[in-house]
Amino acid sequence: MSTIGYGKRGASNLTWLRNKMVKTPAKKQSTLFSFFNKTPTRGVALSSIKAVETRKRIDNTKGKKRKVGDVVDITDDETSENSKRTTLHKVVRENDSDKNTALGSTDFELTDEERQWLFREALAANRNYCGVGECSSTHMNNTALNSAQSLPKYKVTQERLVTSKSVVALDIDRQPGMVKVEGGSGDLQLTTTSPAVTHSVPVKKENVISNLAEIAMPSKGGVLFLDMSQTFSELEKESGRIKNSFVLIRFIWRVLCESQDELIEAVYLLMGMLAPSYENIALGVGSASLAKIIVDTTGSNRNTFRALASEHGDMGEAAYRLAPKQRSQMFVVQKKALRMSTVHSQLLHLSKISGSKAQSKREGVLRKLFVGSSPVEMKYLVRLCELNLRVGAAPKTILTCLAYSLYMYLHLNIVTEEEYVKYDLNQLRKDPDVQIATQSLLSAYSRCPNPRVVLETALRLKDIKGLAENCPLTPGIPVKPMLGKPVTSIHALMEKLQDAMKSNKFSADQSNNQEKQDAAVKYIKPEEKAGQEHLTAQQPFVKVEHDLHINTESPSIFCCETKYDGQRVQVHRLSDGTYRFFSRNLLDNQAWPDLIPMLQQSAAQAQARTSGLLSDEVGTANLDAKAKANAGDESIVRVSADAGNTSVSFIIDAEVVAVRRNEKKPEQRAILPFQTLSTRGRNNVEVGRINVQVCLMIFDIMLYDDRALTSIPLLGRRRTLQRVFDVIPGCVEFTDSIETSSEAEVTAHYRKSIVIGEGLMCKRLTDVYETGERGDSWFKLKKDYIVEADAPAKAQPETGESCKDGEGAEKSLCGDSLDLVPIAAWRGMGRKAKWYSPYLLAAYDRETGYYHSVCKVMSGFTDEVYKRFHRDMTMEGLSSKPSDYIVSDTFRPAIWFPPTRVWEIRGADLTISPVHTAGQGMVAEDSNKGVSFRFPRFIRERAAEDKAPEDATSTAEVVEMFFAQGQKIDSGIRDDE
DNA sequence: GCTGTCTGCCCC
DNA sequence: ATTCTGC
DNA sequence: GCAGAATGGGCAGACAGC
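Residues numbered from 1 in each chain as written. Chains lettered and ligands numbered in written order. Predicted model: local features only at pLDDT ≥ 70, side-chain atom pairs only at ≥ 80, totals over all residues. Heavy atoms only, no water.

A. Up close: the overall build of chain A. Of regular secondary structure, chain A possesses 32 helices and 32 strands. A buried classification covers 55% of the 977 residues belonging to chain A. In chain A, once contacts between residues fewer than 6 apart in sequence are set aside, the share between residues at least 24 apart is 72%. A total of about 42500 Å² of accessible surface is found on chain A, and carbon and sulfur atoms cover 49% of it. (Helix = DSSP H or I, 4+ residues; strand = E, 2+ residues; numbered from the N terminus. Buried < 20%, exposed > 50% of the residue type's maximum accessible area, 1.4 Å probe, protein only. Contact = heavy atoms within 4.5 Å. Areas by Shrake-Rupley, 256 points an atom, 1.4 Å probe, with all protein chains shown as cover.)

B. Examining the protein's contact with DNA strand D more closely. With respect to spatial proximity, 43 residues lie near DNA strand D, and among them G392, T397, M829, T911 and S913 are the closest. Taken together, the sugar and phosphate atoms account for 90% of what DNA strand D places within 4 Å of the protein. R831 places a polar main-chain atom, nitrogen or oxygen, 3.2 Å from a phosphate oxygen of DNA strand D. With three residues, the single largest contributor to the surface near DNA strand D is strand β30 (residues 910-913). Taken together, the residues of the surface near DNA strand D sort by class into 13 nonpolar, 18 polar and 12 charged. (Near = heavy atom within 4 Å. Polar contact = N/O pair within 3.5 Å; in protein donor to acceptor, adjacent residues only side chain to side chain. Nonpolar A, V, L, I, M, F, W, Y, C, P; charged D, E, K, R; others polar.)

C. Looking closely at the packing of helix α16 (residues 395-411) against helix α20 (residues 451-461). Packing of α16 against α20 leaves a shortest axis separation of 11 Å and a crossing angle of 15 degrees. Considered as vectors, α16 and α20 are oriented roughly parallel to each other. In this structure, the crossing between α16 and α20 has a hand that is right-handed. Two secondary-structure elements touch here, α16 through L402, L406 and L410 and α20 through L455, A458 and L459. Classifying every residue of the contact of α16 with α20 gives six nonpolar, no polar and no charged. (Axes fitted to C-alpha atoms, helices over the stretch in contact; angles between N-to-C directions. Parallel < 35°, antiparallel > 145°, perpendicular 65-115°, else oblique. Left-handed = near helix turned anticlockwise from the far one by under 90°.)

D. Fine view of the nonpolar core. Residues F225, L347, L366 and F370 are the most contacted members of the largest nonpolar core, which totals 94 residues. With 11 residues, α16 is the largest single contributor of residues to this core. Once you skip the residues sitting within four places of it in the chain, F370 turns out to touch L290, I293, I294, T297, M378, L381 and V382. Of all hydrophobic cores here, the second largest spans 32 residues; its members include A658, L672, Y704 and L709. (Core = buried A, V, L, I, M, F, W, Y, C linked by side-chain atoms within 4.5 Å.)

E. Representation of α20 within the structure. If you check which residues of α20 are buried, you get P451, V454, L455, T457 and A458. The buried residues of α20 occupy an angular sector of 160 degrees when projected down its axis, which confines them to one face. The elements touched by buried residues of α20 are α9 (263-270), α16, α19 (432-447) and α21 (467-470). Just downstream of α20 lies K462, where phi reads positive at about 50 degrees. (Arc of directions from axis to C-beta.)

F. Local environment of the domain arrangement of chain A. With domains assigned, chain A is organised as domain 1 (225-325 + 336-469), domain 2 (558-612 + 646-788) and domain 3 (817-971). Listed by partner, the interface residues are seven residues for domain 1 and five residues for domain 3. At the boundary of domain 1 with domain 3, the tally comes to zero salt bridges. Viewed at the interface, domain 3 and domain 1 are joined by one residue pair in polar contact (both at pLDDT 80 or more). The element that contributes the greatest number of residues to the side of domain 1 that touches domain 3 is helix α11 (residues 302-312), accounting for three residues. In terms of residue class, the side of domain 1 that touches domain 3 is built from one nonpolar, three polar and three charged. (Domains from an automatic or database assignment. Salt bridge = Lys/Arg side-chain N within 4 Å of Asp/Glu carboxyl O.)

G. Here's a closer look at the packing of aromatic side chains. Counted according to the given criterion, the structure contains 26 aromatic pairs. Ring geometry for W253 and Y420: centres 4.3 Å apart, planes at 35 degrees, overall tilted. With W253 in helix α8 (residues 241-258) and Y420 in helix α17 (residues 417-422), this pair connects stretches of sequence that are 167 residues apart. Accessibility expressed as a relative area gives 6% for Y420, which makes it buried. Centre to centre, the rings of F962 and F963 are 5.3 Å apart; their planes meet at 70 degrees, and the pair counts as edge-to-face. (Phe/Tyr/Trp six-rings, centres within 6.5 Å; stacked < 30°, edge-to-face > 60°.)

H. Representation of the protein's contact with DNA strand B within the structure. Of all residues adjacent to DNA strand B, which total 22 residues, the nearest are A282, G286, S289, R568 and N585. By atom count, sugar and phosphate contribute 83% of the portion of DNA strand B lying within 4 Å of the protein. Within the side chain of S583, a nitrogen or oxygen atom sits 3.1 Å from a phosphate oxygen of DNA strand B. Of all the elements, helix α10 (residues 287-298) adds the most residues to the surface near DNA strand B, at three residues. Grouping the amino acids of the surface near DNA strand B by side-chain chemistry returns eight nonpolar, 10 polar and four charged.

I. Spotlight on the environment of M378. Take M378: it is sitting in helix α15 (residues 375-385). Between the C-alpha atom of M378 and that of R669, which follows or precedes it by 291 residues, the distance is 55 Å. Here M378 is in contact with I294, T297, T298, A319, A323, F370 and S373, once residues within four sequence places are set aside.

J. Structural context of the pairing of strand β18 (residues 693-704). When you tally the buried positions in β18, you get 11 out of 12 residues, the bulk of the element. Relative to β18, strand β16 (residues 650-660) is paired through 10 bridges, and the arrangement is antiparallel. Within the sheet, the bridge partner assigned to A658 lies in β18 and is V694. Two strands pair when backbone bridges link them, and β18 and strand β19 (residues 707-708) are joined in this way by two bridges, in the antiparallel orientation. When the bridges of β19 are listed, L703 appears paired with A708. The turn linking β18 back onto β19 is made up of two residues, and D705 within it adopts a positive phi angle of 50 degrees. (Pairing = 2+ DSSP bridges.)

K. Summary view of unusual backbone geometry. Cis rather than trans, the peptide bond between S837 and P838 has omega equal to -5 degrees. Along the polypeptide, P838 turns up in strand β25 (residues 836-844). Despite not being glycine, K357 shows a phi value in the positive range, around 65 degrees. Of note in the backbone geometry, L586 takes a positive phi value of approximately 70 degrees without being a glycine. Of note, L586 is situated in the loop between β15 (579-582) and α24 (595-611).

The structure is reproduced here in structure tokens:
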């Protein structure tokens, strides 16, 4: 008997065999083949053992005339034992009344080519679409049963099984509920267990496959999803970034050479994406439905799956382990090799499913994919569905590797294996030319985050180094926003800014670059005295002129802006006058139609002001009245348009905040908390029914009138901004900012900013807008980052207590922390699978003696601390929830703890919580809502003698603190004038 | 039509 | 959002 | 210092199920 199934095979075996294969001349491969049959490599072992039993039985039947139902093995040629020729015998029902199954008898041999191919397939382990073999009827039935049962919820009616001895091809066709027999004899009857549907599949003559190669070989070559899955697998095993990047480079290079038509899909999948983010693709498949589908398609059950997923901290791994590995033992199972483009299009298809029964339709699509995949493929299909590959290579790494691969392919013209292996990738890494190419691609992507555009541009131009220039900023396509880096004290901030000045970015090189990149802007290098290391605060150091005639000179080194607690938006106005809004993560954001007339007004006023055309109509426009108009109402647009050309394109960076702006008394106008903003509708927002008013706080401009401003310094961009927009109080404003070089002024602005907003942003005025994230020249300072010792006002006596506001005391300049009791925990996922994560924390109600949950924490623990807590607290663990713990019953932690510890937890704000129970009923009218903690993180464990659980922050204190900050927010009136 | 559950390259 | 880890 | 990973609170929206 020879059976080639598929299954997990040790890498060493696989490699060894593969090498053997490559090095063995074709003639000898038949020998190898039989060796393979008898060698219990993992995954074939089971079949091999059974093969022995089978062979014995066959020996007993020798000499008898074969009848239908007899077992004929695939053995070495019976007539010449030594020749090792392999024959497949097919014995089928002759004389069968059922015409569908009367097939006649066919014997055929494997050609060398076919055998070789089969061998390869077997070696490829999970390229599973080929399994050849036959066995005793008992064995066959069992195997068939197993095979079929491993399909989603099928069971096989045994007595109607195909009668042995045939090459049967099952084409599952990735159709749940559809199993098609393409060859063989008899009926294959499969019954689904849920729902109860029976498929009786007659084996038709026309489906008999006479040429094994025909069925077994993939329709075309190229790089398959299997190859991709194995690449992922390799990445996960290794931790070295460089080593892994070589694996990726090779893979992408292979795709370039062998499957270029699928390159884009491949790159998307590698990046864990399906489309540019601004296309707002969402699969609608989360962990719950994924779990269900995995359970279904592996024929497993919920508890087994859960246990496995929890043990490994990974649903993909659980799927991998549950996926049937012996599926094709007795069949030649042909499933079309899963192609990367198929995976991509099927997943994309998921996102397009909506409406009633959407869930089951999505499950159907996924089932098809899963059933048609091998374990490794399944593992990464699961990960892809989670859009979280976690193989240590996120989009940026992929893009870097893509640049290398493209470089090798396009610039070095490496297109064959021989050429490839000759190349030293380590050498390549150091090549300045390659580095330029890499930077160029990354830069292109950050300005045009659309893999398809970048790739197609590269392939069209056959060039990567010039990619950046050929992927310009485009209104309508979001750019990656600059992000701020947290700093923990004003002192640290000043140091960073000074350091930044020393490593002066204003080298001659850069200014040349800027001139090249942006012809519209002329940058004049600051005059430098010979030998001067860096510029001092006293001298004007930036001067930018461009054709907006903005004179920008400033003695200041940096600017400080209030950081508002709202939502980041990138606003684009296209030259046709349409507006688009993008979120921080570059999603197309439909939530702000009411901003359109405001911006239009602001731009029109500015235009009128600067061109001296300010009309009364524009100047006195009652925006509040107009803002209530529908977005489609052109009144404002028309009025503004009269004032000048307001369809000039722009891209600006801003924060949307919720405001109360329509109050008559100015002191009642206010910026509202983030939680209020978040209650606004998200899509199909109708201007007339908006319940939360918003104000746009603008702070940067990246493009104006189709000219990129990203390469001019912040100072120039700020001046441009102030020129092309007018403030409309409560609607469009600039962030409250100062330009300064003095620590005292920074501190003063910080004090102001933590009242108005959530902190301070500090930026060097010399910095260009570096789309993408690598330029960390923006710093953010928030109250809760600041540690006590570094607080600007050293008003707090050193008590060892956390930095908390005392009653009546002046507000401290550092954030809140709570002393909470860990009462439960879940098991971590991924790299935290060995530990508890997150922990559930509670405050103590001193009146009732109950513990009420406040938040979960997963941040702030080092691995060591995780280890220690896991070790110690497992022993303390309780199997069920103590009755004095008041927590939402939707929480199902893995373990509960007695109240023995107190942890200091730091966070930003206290929020009204629909799930946490501390202060329940005391903070929101007519509701049972409690209080929770935003951005919680673990700081340290308090010594038992220092603080007992009963001394932890009480629920009453939590409520008190909530109201204390609430007052602050409500009274935080903007200084409108 | 109401409620509960799940999802989100969600927003922070 | 925050934070830690490996490179 | 970067890149990656693992998670926090809480909202609207979309479905499923009654």
